[in-house]
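Fold and contact review
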Amino acid sequence: MPEVRLSYDIDGDDFSSAGEASVAMKKALRQMGIEPETIRRCSVCMYEGEMNAVIHAGGGRAEVLVSPERIKITIEDDGPGIADVEAAMREGYSTAPPRVRELGFGAGMGLPNMKRCSDELDIETAAGRGTKITMIVRL
Amino acid sequence: MTNAEAARRLGLDCLCPGEEREVSGGYAGDLLSWVMGRAGRDCAWITIMSNVNVAAVAVMAEASMVILAEGVKPDPELLRRAELEGIALYSSPLNAYELSWRLHEALL
């Protein structure tokens, strides 16, 4: 299988389209015949990253690279950055605003879920410079 | 047991029949990330959340069906997305505990 690149814009305007990039990626992976449990792990990684970009950064961009050995998901935004990465990695820690929590988000599970569902997680972030999250799921 | 069969045995109201899927367990929860990270595949997901994001989480978690507990009404956008994605969406006046108990009995 040659390397396949999937690119998605994450619209940060409203929550009604939130999750669309993740759903589209999931369908694409299924069409490629990727094993279901791998698809599920990638889906969780992608959805959490997508929602973080929507909630905290007004949207962003996602790229998924599928190669025979691994799936690499990169989610990048131009938001405020993560002030305390160590805290954000703890389950239950959230800086989501109340209006977002009312929708069922802000459980403080985003980054922990990404870590659990990926084999490698890398976070590049700086205050005022946005966030780039790279996750690798090995096949 | 299929999702339609589970709905019949639990006395659920059908909002969107969705695709036929096997139900092999259940999960109750309202924090979306928590549900997505923990709910098992092919589960019946019981929740009081009714916004459109429920649809995406149901797809991501590969839930077989979504049951809105305590008579919660779905947002129109959730209903639309459920129809689009083939998600089986049901409602019930019962609470999550009562629904879980009935689901467990149906799965025995």
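Note: the structure precedes this text.
Below, the structure is looked at part by part. Values in this document were obtained by computation on a predicted structure and should not be read as measured data.

1. Looking at the nonpolar core
Within the largest apolar cluster, 61 residues are counted, with the highest numbers of intra-cluster contacts made by A:Tyr8, A:Met25, A:Met46, A:Val64, A:Ile73 and B:Trp45. Ignoring any residue separated from it by four or fewer positions in sequence, one finds A:Ile73 in contact with A:Met25, A:Cys42, A:Cys45, A:Met46, A:Glu63, A:Val64, A:Ile133, A:Thr134 and A:Met135. Judged by nonpolar contacts, the second largest core, of 16 residues, contains B:Ile46, B:Met65, B:Ile67 and B:Leu103.

2. Details of unusual backbone geometry
Residues and elements named next belong to chain B. Unusually for a residue other than glycine, glutamate 62 sits at a positive phi of about 60 degrees. The exposure class assigned to glutamate 62 is buried, which follows from its relative accessible area of 8%. Not every positive phi belongs to a glycine, and glutamate 70 is a case in point at roughly 55 degrees.

3. Quick notes on the interface of chain B and chain A
The accessible area lost on association of the parts is a frequent measure of interface size. Taken together, the contacts link 24 residues of chain B with 27 residues of chain A. The tally of links from chain B across to chain A stands at 4 salt bridges. With its nearest N and O atoms 3.3 Å apart, the salt bridge here joins A:Glu91 to B:Arg38. The interface formed by chain B and chain A includes 10 residue pairs in polar contact (both at pLDDT 80 or more). When contributions to the side of chain B that touches chain A are tallied by element, the ones reaching two or more residues are helix H2 (32-38), helix H3 (53-61) and helix H4 (76-85) of chain B. Among the residues making up the side of chain B that touches chain A, the classes are represented as 12 nonpolar, 5 polar and 7 charged.

4. Considering the side chain of A:Ser118
Residue and element names in this part refer to chain A. Positionally, serine 118 belongs in the loop between helix H5 (110-117) and strand S4 (120-125). On the basis of relative accessible area, serine 118 is assigned to the buried category, the value being 9%. Within the structure, the side chain of serine 118 is placed 2.7 Å from the backbone oxygen of methionine 114, a separation counted as a polar contact. In contact with serine 118, other than residues within four places in its own chain, are Arg41, Cys45, Met135, Ile136 and Val137.

Criteria and thresholds
- Residues numbered from 1 in each chain as written.
- Chains lettered and ligands numbered in written order.
- Predicted model: local features only at pLDDT ≥ 70, side-chain atom pairs only at ≥ 80, totals over all residues.
- Heavy atoms only, no water.
- Core = buried A, V, L, I, M, F, W, Y, C linked by side-chain atoms within 4.5 Å.
- Buried < 20%, exposed > 50% of the residue type's maximum accessible area, 1.4 Å probe, protein only.
- Contact = heavy atoms within 4.5 Å.
- Salt bridge = Lys/Arg side-chain N within 4 Å of Asp/Glu carboxyl O.
- Polar contact = N/O pair within 3.5 Å; in protein donor to acceptor, adjacent residues only side chain to side chain.
- Helix = DSSP H or I, 4+ residues; strand = E, 2+ residues; numbered from the N terminus.
- Nonpolar A, V, L, I, M, F, W, Y, C, P; charged D, E, K, R; others polar.

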